[in-house]
Each structure stands twice: as C-alpha cells, then as structure tokens.
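So you can see what is in the structure, the chains are spelled out below.
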Amino acid sequence: MEATALSNLGKITDNGKKTIFTIGTSCAEVSTLAWPGTVAWGRGNETPAEFEKSFSIIHNVFESAPTVAEAVRDVSDLLYETGAFPYKVNVVSNSGDGGALAIGLRSLLHTIHRRSNIMVIVMVNEVFANTGFQYAPTSNLFADSATTPAGSLFPGNLERPIDYLSLAVTAGAGFVAQASPAFPQDFAQAVAMGLEGPHTSVIFVPSPCISGWKFEDGKTAELARLGIRCGLYPTFFKEEGKEGIVKRVEESHEKRKELLLQFLSEQRRFAHVLTDAAKANQMTLSILAWIHEHLDRLQKIAKL
Ligand SMILES: Cc1ncc(C[n+]2csc(CCOP(=O)(O)OP(=O)(O)O)c2C)c(N)n1
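First things first, this report covers the structure right here in the doc. (Residues numbered from 1 in each chain as written. Predicted model: local features only at pLDDT ≥ 70, side-chain atom pairs only at ≥ 80, totals over all residues. Heavy atoms only, no water.)

**A few points about the nonpolar core**
Phase 1 of the analysis: Phe-204, Leu-232, Phe-236, Leu-260, Phe-263 and Ile-291 are the most contacted members of the largest nonpolar core, which has 53 residues in total.
Phase 2 of the analysis: Ranked by residues supplied to this core, first place goes to helix H12 (residues 277-302) with nine residues.
Phase 3 of the analysis: Ala-5, Phe-21, Ala-28 and Ala-177 belong to the second-largest nonpolar core, a separate cluster that totals 22 residues. (Core = buried A, V, L, I, M, F, W, Y, C linked by side-chain atoms within 4.5 Å. Buried < 20%, exposed > 50% of the residue type's maximum accessible area, 1.4 Å probe, protein only. Helix = DSSP H or I, 4+ residues; strand = E, 2+ residues; numbered from the N terminus.)

In structure tokens, the structure reads:
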C-alpha cells in the first residue's frame, strides 16, 4: 500500500512544480534509496541540470523529516524571492507512523505550530516495520506485534490507538486528512488540497502491511477498504475554519461489526482473537467501542 501511495503521490505532485520530498527512515525510505539520482545520505549526484527534473528526495534521520522539509521550504522560497531560483517548489515530508507519532512527534507538532507551508504524509501501518514490526502508538487493540506478543498472559496490544487526526487538528494544522489509495479519488483530492498551503497540511495514509499484519498477498486494497468501512480508518477531511467531513464508514453498527470481523479474520496478527466465539465477540465489541467513541469525537472535531 505504501508503494501504491508513493506512486500516486508522485503523479499528483507532478503539477508543473518540482517537488522535494524529505523522507524519514522508514519502509518508504528504504524502498526509495534505490531510486537513481536522489540524495541519499550524501550519496546523491544531483547537478543543476538534473535539478530540473520533476522531483528529488532528501533521505534524512528517522524523526525529523518535517523539520528538514521546513528548511527546504525556507531556502527554496528565499532563492525564489531573490530571483536565484526560477520557480516555487512543492515540499513534502514523508514518515512512518513510528517516525511521526512516537519518536518524531515533537518535530511534527513544532512544524504544525510554525505553520510551515509543507505537506506531511504519514504512512499508518501500525508498527515500526523495518526494524521488525514492533508496537506503535497507532497499533490496534489486541494486535500481536514483536513487543506486544499475544500469549497466555496478554491478548496482544492493550492500548487504544492514539487519535492522531484529532491531535493534528487541535495542534493547528491548516488541513488534516485521512485517505487511502484504495479509494483513489479521496486520495487524489486529499493530496491536491494538501499541496495548496499556505500552512502545514497533514495527510495520514492507512497502510496495510503484508508482513506486519500477516495477510495473503493480493488482499491489500480489500483490507484497506474493510478498515475504512468498519470505521477503524475513516476517510476524513478537515480544513481550518471550515466544516470537515467523516466519510466512507458504514452507518449501521451491525454492518460495521460484520466488516470488522472480516478485517480481523484475514490477518494472522489477530488469529488469537478469533479462537472461540465468545472471546471473538468480546474483543470485537471492545474494538467497536473504540471505533464508535473515535467516530463521535471526529464528528465533533469536524465541526470546529
Ligand atoms: C532515533 C532513532 N531511533 C530508532 C531508529 C531505528 N529505526 C529505524 S527505522 C525504525 C522504524 C520506523 O518505523 P516507522 O516510522 O513506523 O516506519 P516503517 O518502518 O513502519 O515504515 C526504527 C525504530 C533510528 N533510526 N533512529
């Protein structure tokens, strides 16, 4: 899903301006290191002519992609204003949810607070994936992970996921969205709106991860849509000062429950939840309680 998101992001940001990405260490960073002509840990070979290409990437340390993006924004604006640089650029920071919402939260909040004109993309795969699938603050209830192993003492993760959408809105981001490439129009709209500025936009991309969530290859888009429709990853758009929207979530509680069960049952990280009917029902109801509470809060936040 992250590869699909990055590919779409590349197409949408190809809007006549050059786009400079800053990517914190994450799956997205590891997979883009192979891209020719990008600046990776000082190994880049950019020349002025190559700078005319439509995008470039600065790979930077884990927690500070938004801060590096701020610097790119300031320097490129300055060069543009002094006439040294012929055009304005899009600046996009990209991190995993571990990088943005655990170790890098301070950096993210400061960037939002400074209202820097950049777009921050956060890939939400619920784990620190490339170091071995450890629990992240976004991990869902009862998820089995390297640091919340399901066993006889604990049924996986016991913490409710952090409410990152409310966090970004109340921190003062000019535009906050959650959108998945599994609903391509939502994703394209979120990115296009996010690029408009003039403030910090934060876009969360729910990203089912085959190895971390332990599901069959080929199910990625289906799982993304199930996660959205059952309410775990509601599509969300909120511009500062305007009424926002929560959408693509099933209205009926029964339907949400049915889709949630399907979502859980296709991932081996939840296999222990479904071992018997009573346990499955109890745990599903706990997750649904969180979903309903979270959706209620988002509806209120959307009206701010
Ligand atoms: C300050 C710091 N702490 C830890 C690490 C080790 N590390 C590198 S990538 C990573 C996991 C990143 O998780 P996330 O941001 O969720 O991205 P994902 O791997 O899931 O794409 C960790 C812990 C690091 N590079 N720097």
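**A look at helix H11 (residues 253-265)**
Phase 1 of the analysis: The end-to-end C-alpha distance of H11, which contains 13 residues, comes to 18 Å, matching closely the 18 Å that a straight helix rising 1.5 Å per residue would cover.
Phase 2 of the analysis: For H11, the set of buried residues is Arg-256, Lys-257, Leu-259, Leu-260, Phe-263 and Leu-264.
Phase 3 of the analysis: Among the residues of H11, the N-terminal cap falls to Ser-252, whose side-chain oxygen and the backbone nitrogen of Glu-254 are separated by 3.3 Å. (Expected span 1.5 Å × (residues − 1). Polar contact = N/O pair within 3.5 Å; in protein donor to acceptor, adjacent residues only side chain to side chain.)

**A short note on a nonpolar patch on the surface**
Phase 1 of the analysis: Taken together, the side chains of Leu-153, Phe-154 and Leu-158 present a nonpolar region at the surface, about 360 Å² in accessible area.
Phase 2 of the analysis: Assignment of secondary structure puts Leu-158 in the loop between strand E7 (134-135) and helix H7 (164-171). (Patch = residues over 30% accessible without salt bridge, like charges linked within 9 Å, V, L, I, M, F, W, Y side chains within 5 Å. Areas by Shrake-Rupley, 256 points an atom, 1.4 Å probe, with all protein chains shown as cover. Salt bridge = Lys/Arg side-chain N within 4 Å of Asp/Glu carboxyl O.)

**Topic: the packing of H11 against H12**
Phase 1 of the analysis: At a closest axis distance of 10 Å, the pairing of H11 and H12 adopts a crossing angle of 120 degrees. Accordingly, the angle class assigned to the pair H11 and H12 is oblique. Every pair of crossing elements has a handedness; the one defined by H11 and H12 is right-handed. Of the residues in H12, those in contact with His-253, Arg-256, Lys-257, Leu-260, Leu-261 and Leu-264 of H11 are Asn-281, Thr-284, Leu-285, Ile-287, Leu-288, Ile-291, His-292 and Leu-295.
Phase 2 of the analysis: Class assignment of the residues belonging to the contact of H11 with H12 gives a composition of eight nonpolar, four polar and two charged. (Axes fitted to C-alpha atoms, helices over the stretch in contact; angles between N-to-C directions. Parallel < 35°, antiparallel > 145°, perpendicular 65-115°, else oblique. Left-handed = near helix turned anticlockwise from the far one by under 90°. Contact = heavy atoms within 4.5 Å. Nonpolar A, V, L, I, M, F, W, Y, C, P; charged D, E, K, R; others polar.)

**What to know about the pattern of salt bridges**
Phase 1 of the analysis: Evaluated as defined, the whole model comprises 16 salt bridges.
Phase 2 of the analysis: With its nearest N and O atoms 2.6 Å apart, the salt bridge here joins Asp-163 to Arg-297. Of this pair, Asp-163 sits in the loop between E7 and H7 while Arg-297 sits in helix H12, placing them 134 residues apart in sequence.
Phase 3 of the analysis: Arg-297 sits in the partly exposed class, given a relative accessible area of 31%.
Phase 4 of the analysis: Two residues, Lys-242 and Glu-239, come together in a salt bridge whose shortest N-O distance is 3.7 Å.
Phase 5 of the analysis: The class of Lys-242 is partly exposed, set by a relative accessible area of 46%.
Phase 6 of the analysis: Within this structure, Arg-160, Asp-163, Glu-293 and Arg-297 form a network of salt bridges that share partners.

**Here we look at the packing of helix H6 (residues 105-114) against H7**
Phase 1 of the analysis: Where H6 meets H7, the axes come as close as 9 Å, and the angle between the chain directions of the two elements is 40 degrees. Taken together, the axis directions place H6 and H7 in an arrangement best described as oblique. Every residue of H7 that contacts H6 at Leu-105, Leu-109 and Ile-112 is listed here: Leu-167, Ala-168 and Ala-171.
Phase 2 of the analysis: A class-by-class count of the residues in the contact of H6 with H7 yields six nonpolar, no polar and no charged.

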